[in-house]
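# Structure assessment
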Amino acid sequence: MPIEKTLSIIKPDATKRNLTGLINAKFEKSGLKIIAQKRLQLTRSMAEKFYEVHKDRPFYNDLIDFMISGPVVVQVLQGENAVKLNRIIMGATNPEEAEEGTIRNEFAESIEANSVHGSDSLENANAEITFFFANIELI
Ligand code: IDP
Ligand code: MG
C-alpha cells in the first residue's frame, strides 16, 4: 500500500477539553506518524478559505464561527493509506453514526463540534497540507 500524507485538524471543542494527547494516541496506535504539528488560532479569513468548498451549505457560517472559537492543532499524518485510514480512525461526521472506538464516537460533542478534520482525498490532502505547512516543516 502506498505511503501517503494527510492533513488533520484537532478542532476547538477538543483543544478546549485538553484532548490533543488522547487523540494523537489514537493516530499513533493505528500506525500513523505525526510528521508535523502546530497549534494555531485561525483567523476568520483563514477558516473561510479552508472551508470554501462548503460556502453554499447552510451550516457554513456556524462552522466558521466554531472553527475560530478557540485554538486548533493542525497536523500532517503519514502512513500506509493515510487518507482513508485517518477517515476510519475519525469516524462518521455525525458522532451518532460514528463507529465505536473512533475519535468522533468517543469525543465529539455534536455534528458540528466533532473534534477532528481529516482530508477526504489524496488530492485535497496535498492542497490542505500546502495551506498550512511548508515542505521543510514535514519531518
Ligand atoms: P467531514 O469533516 O466528515 O469531512 P464535511 O461534510 O466535510 O464532513 O463537513 C465539514 C464540517 O462541517 C464537519 O466536520 C462538521 O464540523 C461541519 N458539518 C457538516 N455537516 C454539518 C451539519 O449538518 N450541521 C452542522 N455542521 C456540519
Ligand atoms: Mg470534509
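What you are looking at is a predicted structure, and each value in this text was computed from that prediction instead of being measured. (Residues numbered from 1 in each chain as written. Chains lettered and ligands numbered in written order. Predicted model: local features only at pLDDT ≥ 70, side-chain atom pairs only at ≥ 80, totals over all residues. Heavy atoms only, no water.)

### Things to note about the overall build of the chain
- For the chain, the count of helices and strands is seven helices and four strands.
- Start at the N end of the chain and walk to the C end: the helices and strands fall as β-α-α-β-α-α-β-α-α-β-α.
- For the chain, the C-alpha radius of gyration of 14 Å lies close to 14 Å, the compact-globule estimate for 139 residues.
- With respect to the three principal axes, the spread of C-alpha positions in the chain is 40 × 35 × 25 Å.
- A burial count over the chain gives 45% of its 139 residues as buried.
- Summarising the internal contacts of the chain: among those between residues at least 6 apart in sequence, 78% fall at separations of at least 24.
- As presented, the chain carries roughly 7,600 Å² of accessible surface, and 49% of it is formed by carbon and sulfur atoms. (Helix = DSSP H or I, 4+ residues; strand = E, 2+ residues; numbered from the N terminus. Rg over C-alpha atoms; globule rule 2.2 N^0.38 Å. Buried < 20%, exposed > 50% of the residue type's maximum accessible area, 1.4 Å probe, protein only. Contact = heavy atoms within 4.5 Å. Areas by Shrake-Rupley, 256 points an atom, 1.4 Å probe, with all protein chains shown as cover.)

### Comments concerning the site of ligand 1
- All residues adjacent to ligand 1 are Lys11, His54, Phe59, Leu63, Arg87, Thr93, Arg104, Ile111, Glu112 and Asn114.
- Glu112 places a polar main-chain atom, nitrogen or oxygen, 2.8 Å from an oxygen atom of ligand 1.
- The residue makeup of the shell around ligand 1, split by class, is three nonpolar, three polar and four charged. (Near = heavy atom within 4 Å. Polar contact = N/O pair within 3.5 Å; in protein donor to acceptor, adjacent residues only side chain to side chain. Nonpolar A, V, L, I, M, F, W, Y, C, P; charged D, E, K, R; others polar.)

### Regarding the nonpolar core
- Membership of the largest hydrophobic core comes to 21 residues, with the highest contact counts inside it found for Leu7, Ile9, Met67, Val76, Phe132 and Phe133.
- Elements that contribute at least two residues to this core include exactly β1 (3-10), β2 (33-40), α3 (44-50), α4 (60-67), β3 (72-80) and α7 (122-132).
- In this view, Met67 contacts Ile9, Lys11, Pro12, Leu42, Ala47, Tyr51 and Val72; residues no more than four positions away in its chain are not counted.
- Among the nonpolar cores identified, the runner-up in size contains 14 residues, and Phe27, Ile89, Ile103 and Phe107 belong to it. (Core = buried A, V, L, I, M, F, W, Y, C linked by side-chain atoms within 4.5 Å.)

### Regarding the sheet that holds β1
- If you trace the four strands from one edge of the open sheet to the other, you get β2-β3-β1-β4, paired in antiparallel fashion. The open sheet terminates on both sides in strands that have one partner only, identified here as β2 and β4 (116-118). The average undirected angle you get between the axes of adjacent strands in this sheet is 20 degrees.
- Pairing of β1 with β4 involves three bridges; the strand directions are antiparallel. Bridged to Ile9 within β4 is His117.
- In this fold α7 packs onto β1, β2, β3 and β4, with an angle of close to 60 degrees to the strand it touches most, β1. (Pairing = 2+ DSSP bridges. Axes fitted to C-alpha atoms, helices over the stretch in contact; angles between N-to-C directions.)

### Structural notes on helix α5 (residues 82-90)
- Buried residues of α5: Ala82, Val83, Asn86, Ile89 and Met90, and no others. Each buried residue of α5 sits inside an arc of 125 degrees when the element is viewed along its axis, so together they form one side. Facing away from the buried side of α5, by more than 90 degrees, are the exposed residues Lys84 and Ile88.
- As for α5, its buried residues are in contact with β1, α2 (20-29), β3, α6 (103-107), β4 and α7.
- Looking one or two residues beyond α5, the residue adopting positive phi is Gly91, at roughly 90 degrees. (Arc of directions from axis to C-beta.)

### As for the packing of aromatic side chains
- The full count for this structure, using the stated rule, is four aromatic pairs.
- Pairing Phe131 with Phe132 gives two aromatic rings, centres 4.8 Å apart and planes at 75 degrees, and the pair type is edge-to-face.
- Overall, Phe131 belongs to the partly exposed group, its relative accessible area being 29%.
- Judged by relative accessible area, which is 7%, Phe132 ranks as buried.
- Ring pairing ties together the aromatic residues Phe50, Tyr51, Phe131 and Phe132, which thus form one cluster.
- Above the face of the Phe133 ring, Lys38 is positioned so that its terminal group lies 4.5 Å from the ring centre. (Phe/Tyr/Trp six-rings, centres within 6.5 Å; stacked < 30°, edge-to-face > 60°. Lys NZ or Arg CZ within 6 Å of the ring centre and 35° of its normal.)

Shape descriptors only; they carry no functional weight alone.
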